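# Observations on the model geometry
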Amino acid sequence: MMQMRCTAKAAAFGIFVSLSLTVSATASETVRNTYDAKGRLTNVDGSNSGSGSRVYSFDKADNRTRMQNTGAGATVLNGDAENPAVSNYAYNPSAPDLVFYGGAGIAQNGGAWGFPAPWSGNQVFFIQASGNTAGYVEMKAVRLTVGQRYQFAFASAQRPGFPANNMKIYIDGNLVWDAPPDTADRFTPHPTQSFIASKDTATIRFAATPTSYDSSSAVDAVSVQPLN
């Protein structure tokens, strides 16, 4: 379904035209794009499908200067490792919005990996290094506001009875964390270094450090929040 609506508004110096274009891609998704008299996209309204809205600002030279998300806030997709549900544990499972490589996967509470009780839900991510190879897991933060400063938070733990692995965290390829988990008896929450969003999505990677021995870390409850 596609609808177009054109409205004219009188102003002191002329007539300004706002063009609204509504596109229904599926029965559950409706997005409305609004353009100004110069044909510039000024608003993308996806609130009906839960994706919030984007408002674009321009300077006098018609350059886009800012994009702001409104409505739904920034979030990490599948950051709590709850989807898909696994039986005991699974290496490289097929999971929505996640990328696994090498020794990485999802472990269930009380399973063979022996990790402490999850910080959130019933499952955690694991990243493993063994024989000089190392795994990683990637996930995405969405609905970021360009120019806004953010910080990721997560909880981590060592694997009981095994050497601690030095975990590295990258945001869009930039290193923001380089340290082993604190302990094996519980998950400890941590913030990462802050970053300024240059686009409306960001990729966060949790990577094990290659070692000649078997070592693993667990990660849970990955989130993102704006800073003042």
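Scroll up a little and you will see the structure.
This section reports on the structure supplied with the text. Just so we're clear, the structure is a prediction, and the values are computed from it rather than from any experiment.

Quick look at the pattern of salt bridges now. Under the counting rule described, the total for this entry stands at 4 salt bridges. For the salt bridge of Asp178 with Lys168, the shortest nitrogen-to-oxygen distance reads 3.0 Å. Of this pair, Asp178 sits in strand S16 (residues 174–179) while Lys168 sits in strand S15 (residues 167–171), and the two are 10 residues apart along the sequence. Taking relative accessible area as the criterion, Asp178 reaches 41% and is therefore assigned partly exposed. For Lys168, a relative accessible area of 21% gives the class partly exposed.

With that settled, the discussion passes to the packing of aromatic side chains. According to the stated counting rule, one finds 12 aromatic pairs in the structure shown. Here the aromatic rings of Phe154 and Phe206 are separated by 5.5 Å at their centres, their planes lie at 70 degrees, and the arrangement is edge-to-face. Taken together, the residues span a long stretch of sequence, with Phe154 in strand S14 (residues 149–158) and Phe206 in strand S18 (residues 202–207) at a distance of 52 residues. No difference in accessibility class separates Phe154 from Phe206, as the two residues are buried. An aromatic cluster of at least three residues, connected via ring pairs, comprises Tyr89, Tyr91, Trp113, Phe115 and Phe126. Over the ring of Tyr136 we find Arg205; its NZ or CZ atom is 3.6 Å from the centre of that ring.

Thresholds, definitions, all that
Residues numbered from 1 in each chain as written. Predicted model: local features only at pLDDT ≥ 70, side-chain atom pairs only at ≥ 80, totals over all residues. Heavy atoms only, no water. Salt bridge = Lys/Arg side-chain N within 4 Å of Asp/Glu carboxyl O. Helix = DSSP H or I, 4+ residues; strand = E, 2+ residues; numbered from the N terminus. Buried < 20%, exposed > 50% of the residue type's maximum accessible area, 1.4 Å probe, protein only. Phe/Tyr/Trp six-rings, centres within 6.5 Å; stacked < 30°, edge-to-face > 60°. Lys NZ or Arg CZ within 6 Å of the ring centre and 35° of its normal.

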